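Coordinate inspection notes
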Amino acid sequence: MAGVWVYAEVKDGAVKKVAYEILGAAKKMAEQKGEPLCAVMIGKDVEGLAPGLGAYGAEKVYVIQGDSFARYTTGAFTKALCDLVKQEQPSILLFGASINGKDLSARASGRLGVGLATDCTEIGLDEAGNLKVKRPMFAGKVYAEVVFSDRKPQMASVRPNVLGLPEADESRKAEVVKVDVQVGPDDIGLEVVDFVEVGGGKIDLTEAEIIVSGGRGMKGAENFKILEELAEVLGGVVGASRAAVDAGWRPQSDQVGQSGKVVSPNLYIACGISGAIQHLAGMGTSKVIVAINKDPEAPIFKKADYGVVDDLFKVVPALTEEVRKLKAQS
Ligand SMILES: Cc1cc2nc3c(=O)[nH]c(=O)nc-3n(C[C@H](O)[C@H](O)[C@H](O)COP(=O)(O)OP(=O)(O)OC[C@H]3O[C@@H](n4cnc5c(N)ncnc54)[C@H](O)[C@@H]3O)c2cc1C
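The written sequence of each chain sets the order in which its residues are numbered from 1. Side-chain atom pairs in this predicted model are given and counted only at pLDDT of 80 or more, local residue features only at pLDDT of at least 70, and totals for whole chains, interfaces and linings cover all residues. Hydrogens and water are ignored here; the side-chain numbers use all heavy atoms of the structure.

**Here we look at helix 3 (residues 99-112)**
Put simply, the test is: Helix numbering and strand numbering both begin at the N terminus, where a helix is a DSSP run of H or I of at least 4 residues and a strand a DSSP run of E of at least 2. An expected span of 1.5 Å times one less than the residue number is assigned to each helix. Each residue's exposure class comes from its accessible area (1.4 Å probe, protein chains only) as a fraction of the maximum for that residue type: buried when under 20%, exposed when over 50%, partly exposed otherwise. Each direction from the helix axis to a C-beta atom contributes to the arc, which is the arc of those directions. Pairs of residues are marked as contacts when any of their non-hydrogen atoms sit within 4.5 Å.
Along its 14 residues, helix 3 runs 20 Å from first to last C-alpha, staying within 8% of the 20 Å computed at 1.5 Å per residue. Taken together, the buried positions of helix 3 are occupied by G101, L104, S105, A108, S109 and L112. Buried residues of helix 3 fall within an arc of 130° about the axis and therefore sit on the same side. Exposed residues on helix 3 whose side chains face more than 90 degrees from its buried face are I99 and G110. Those residues of helix 3 hidden inside the fold are in contact with strand 1 (4-7), helix 2 (74-88), strand 6 (92-96), strand 7 (116-120) and strand 11 (154-158).

**Let's talk about the domain arrangement of the protein**
Our working definition: An automatic or database domain assignment supplies the start and end points of every domain. The quantity reported as buried area is the accessible area (1.4 Å probe) lost by two parts once they are put together, taken as the sum for both. Just to be clear on terms, a salt bridge is a Lys or Arg side-chain nitrogen sitting within 4 Å of an Asp or Glu carboxyl oxygen. Any N or O atom pair separated by 3.5 Å or less is treated as a polar contact, with the protein-specific requirement of one donor-capable and one acceptor-capable atom, and with residues adjacent in sequence counted only for side-chain atom pairs. Lys, Arg, Asp and Glu make up the charged group, whereas Ala, Val, Leu, Ile, Met, Phe, Trp, Tyr, Cys and Pro make up the nonpolar group; the residues left over, Gly among them, are polar.
If you check the domain split of the protein, you get domain 1 (4-188) and domain 2 (205-329). When the two sides are added together, the surface that domain 1 and domain 2 hide from each other amounts to roughly 1,000 Å², 51% of it contributed by carbon and sulfur. The largest contributions to the domain 1 side of the interface with domain 2 come from A139, R159 and N161, which together make up 50% of the buried area. Connecting domain 1 to domain 2 are 2 salt bridges. One salt bridge in this structure joins K17 and E209, with 3.2 Å as the shortest N-O distance. Across the contact surface, domain 1 and domain 2 share 5 residue pairs in polar contact (both at pLDDT 80 or more). Within the side of domain 1 that touches domain 2, the residues separate by chemical class into 4 nonpolar, 2 polar and 5 charged.

Quick look at the structure:
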């Protein structure tokens, strides 16, 4: 019966949203192929989260849990996943392109000796039932359509926030299959001595619905306060261009772009950002892009859905004020 599988990453006791997004698309693929839709969950005490994946279409959830999986390590997770895949032989295996998802999918594809399409923005099947994906290349300049050959499992990672969240049917529960995988120190190959969270516990940029980003036009670290205020009234988070990060105004974890994070929020507001190709590579798939820039020739306006040609130090506080007023009325 093979199966279409989704790796359901767990972080801080919750399933990552991207796993639900992928399940939505994978459900259609499983139906087309006439194969079951399954999920794999790895962690410490994660079993309780597994039945809930049924609401998004998973029929069966393979759960691998134990102390060895309390924190993500490439070695332990790869061993656990690959042992299970070799045993069950799914035809398709999909991951969220989160930091750990990218790491695990790459190592697993190497271990299994199969190909991997990374950071995909569309997933589906070709006429023969093989995995067919769309993915950006050359910093988003072109999109490639990739069709897999017969070799199984056909593997891809999917960019968070691009597929949309399917409707949940809470009445459906998935069957939970507990899998016992033994991993030893040799499999792990390292010891995690500490874990330092960056970004002060704010929503991860890659999962944020709204991002207000600042660039060199912000002119100093202290001025990001006006972006923090706008982000707060909108319920979003603050990002930055590399110029702002290199200037030391924002931490590297805030950087959006080719050498930073790839984000795909519903709303991306670029303030004082020119729109270099390397920045666009990180935010080009945002659903709605607003640019605030005093230079009408700035390349960001070619990508933006809405543009304001003016001084951001006037526009941003005025926007914040308007949103506050609207919220007070509702
Ligand atoms: C290999 C490589 C990887 C890279 N990776 C990344 C990456 O991941 N992310 C990234 O962002 N960049 C990346 N870069 C850098 C990229 O090429 C640009 O240099 C950078 O994005 C520029 O940042 P910026 O738009 O903030 O600054 P600038 O290009 O200097 O633009 C500042 C903008 O602010 C506007 N402005 C100034 N004052 C105001 C004001 N008062 N009101 C309104 N507008 C104002 C100006 O008109 C200008 O358009 C990378 C480069 C290389 C070579």
